[in-house]
Amino acid sequence: MTTEPRMQELYEQARAEGGGLVVYAGGDAPEQARMYTAGFSEMFPDIGIEVTVDLSKFHNARIDAQHIRGDNRVDVVHVQTVNDFPYWKRQGLLDPFRPDGLDQVDADFVEPDGTYYALFVFAFSNVVDTKVIPEAQAPREATDYLRPDLKDRIVLTYPHDDDAVLFQFERIIAKHGYGWLERLLEQNPMWVRGTATPLAVIGSGERAATFTSFYYLNPPAGDSMRFILPEEDFFQAWYQTGAILKDAPHPAAARLYMSYRLSRQAQQASAQWPARRDVQIPGWKPIDQYRNTDPRGFREFMLDRARVERLRGIMEDFIGPVRGDNPTGVDRAWH
């Protein structure tokens, strides 16, 4: 692997400052840390990267609490809660840095001072195991999940436990009404915490389909799981935002990490869509060419916390309270 000159310089600086790096990554399964460590560790073996994956709504509280205590332990954060970044900037928690390649990211998702910006795209939509449901028979549209053959075979993430799923439900209900939700509940879906959990449930054969999970756009050879987009109905996609904390213990390593994340090599290896407009994923259109998703709308939703909380309460009334342990297994009391 070749290293771009600027990253090579940052690598040397990161080694000189001690070779450590701590990243808080939004997610809901511990194994997701490998998405962020693998390529980076191969290219920069002398940097001991520690990635903690947890729900974004828990990571943001940890960062705030560490700031209050004056005990920041984190270098980089990239989370789903895009509403946190403007707040953190106002609080003076973020360190501006503009890595190479940032000019290829949609300017709407780049804070002008370079304190936070999109690093990659995540999306939730239909996932099935094609050994169980052939792709041609897989549910695609929201109304497909009302089919009689899918009763007792659906697994879904609680929308009132994940704001991205909550927005997805808001948009589907806006089109199909709450009658759709009532009919969906009659299908007896299994409700779980975390968007990775449905994949495990489908993999075990306990349930067969979900529309609230992330999966690889181009799975490895031999993998029978498929991520399938609807043709008409809404699917949820957003730009996962990242930033360097101002009191980062390893600032050079943090800049190296952000540079790597936006490098052409890392963007081409994205599990889903890249943030850079000059990088394409074979077989898929750029995310901004899909008319049935709305990353900007999701950002507006996240910034309107009254709207979020009101809808969260409505979903709890329809579905019932969230049950189950934190899917990442991270202790809420851990800081």
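Residues numbered from 1 in each chain as written. Predicted model: local features only at pLDDT ≥ 70, side-chain atom pairs only at ≥ 80, totals over all residues. Heavy atoms only, no water.

Chemist: Quick one: what's the story with the nonpolar core, residue by residue and with numbers?
Modeler: Core analysis: the biggest nonpolar cluster contains 99 residues, and Phe169, Trp180, Leu184 and Trp273 have the highest contact counts within it. Ranked by residue count, the leading element in this core is strand E5 (residues 117–129), at 10 residues. In terms of nonpolar packing, the next biggest core, distinct from the first, is built from 12 residues, Tyr24, Val74, Val77 and Val79 among them. (Core = buried A, V, L, I, M, F, W, Y, C linked by side-chain atoms within 4.5 Å. Buried < 20%, exposed > 50% of the residue type's maximum accessible area, 1.4 Å probe, protein only. Helix = DSSP H or I, 4+ residues; strand = E, 2+ residues; numbered from the N terminus.)

Chemist: Tell me about the pattern of salt bridges, and please be specific about residues and values.
Modeler: A complete count under the given rule lists 21 salt bridges for this structure. Of the charged contacts, one joins aspartate 54 and arginine 62 as a salt bridge, the two residues approaching to 2.7 Å between their closest N and O atoms. Of the two residues, aspartate 54 and arginine 62, both sit in the buried class. We note a salt bridge from glutamate 170 to arginine 307, for which the minimum N-O separation is 2.7 Å. Here arginine 307 lies in helix H11 (residues 305–319) and glutamate 170 lies in helix H5 (residues 163–176), a separation of 137 residues in the sequence. (Salt bridge = Lys/Arg side-chain N within 4 Å of Asp/Glu carboxyl O.)

Chemist: Explain the packing of aromatic side chains to me, and be specific about the residues and the numbers.
Modeler: Counted by the stated rule, this structure contains 30 aromatic pairs. Here phenylalanine 167 and phenylalanine 234 contribute two aromatic rings whose centre-to-centre distance is 5.6 Å and whose plane-to-plane angle is 90°, an arrangement assigned as edge-to-face. You can see phenylalanine 167 sitting in helix H5 and its partner phenylalanine 234 sitting in the loop between strand E9 (225–228) and strand E10 (236–245), a full 67 residues away along the chain. Exposure remark for phenylalanine 234: the relative accessible area of 10% places this residue in the buried category. (Phe/Tyr/Trp six-rings, centres within 6.5 Å; stacked < 30°, edge-to-face > 60°.)

Chemist: Give a detailed account of unusual backbone geometry, specifying residues and quantitative values.
Modeler: Positive phi values are uncommon outside glycine, yet aspartate 152 reaches one of about 70°. Here aspartate 152 shows up in the loop between E5 and strand E6 (155–157). Accessibility expressed as a relative area gives 39% for aspartate 152, which makes it partly exposed. One non-glycine residue with positive phi stands out, namely asparagine 188, at about 60°. Mapped onto the secondary structure, asparagine 188 falls in the loop between helix H6 (178–186) and strand E7 (190–192).

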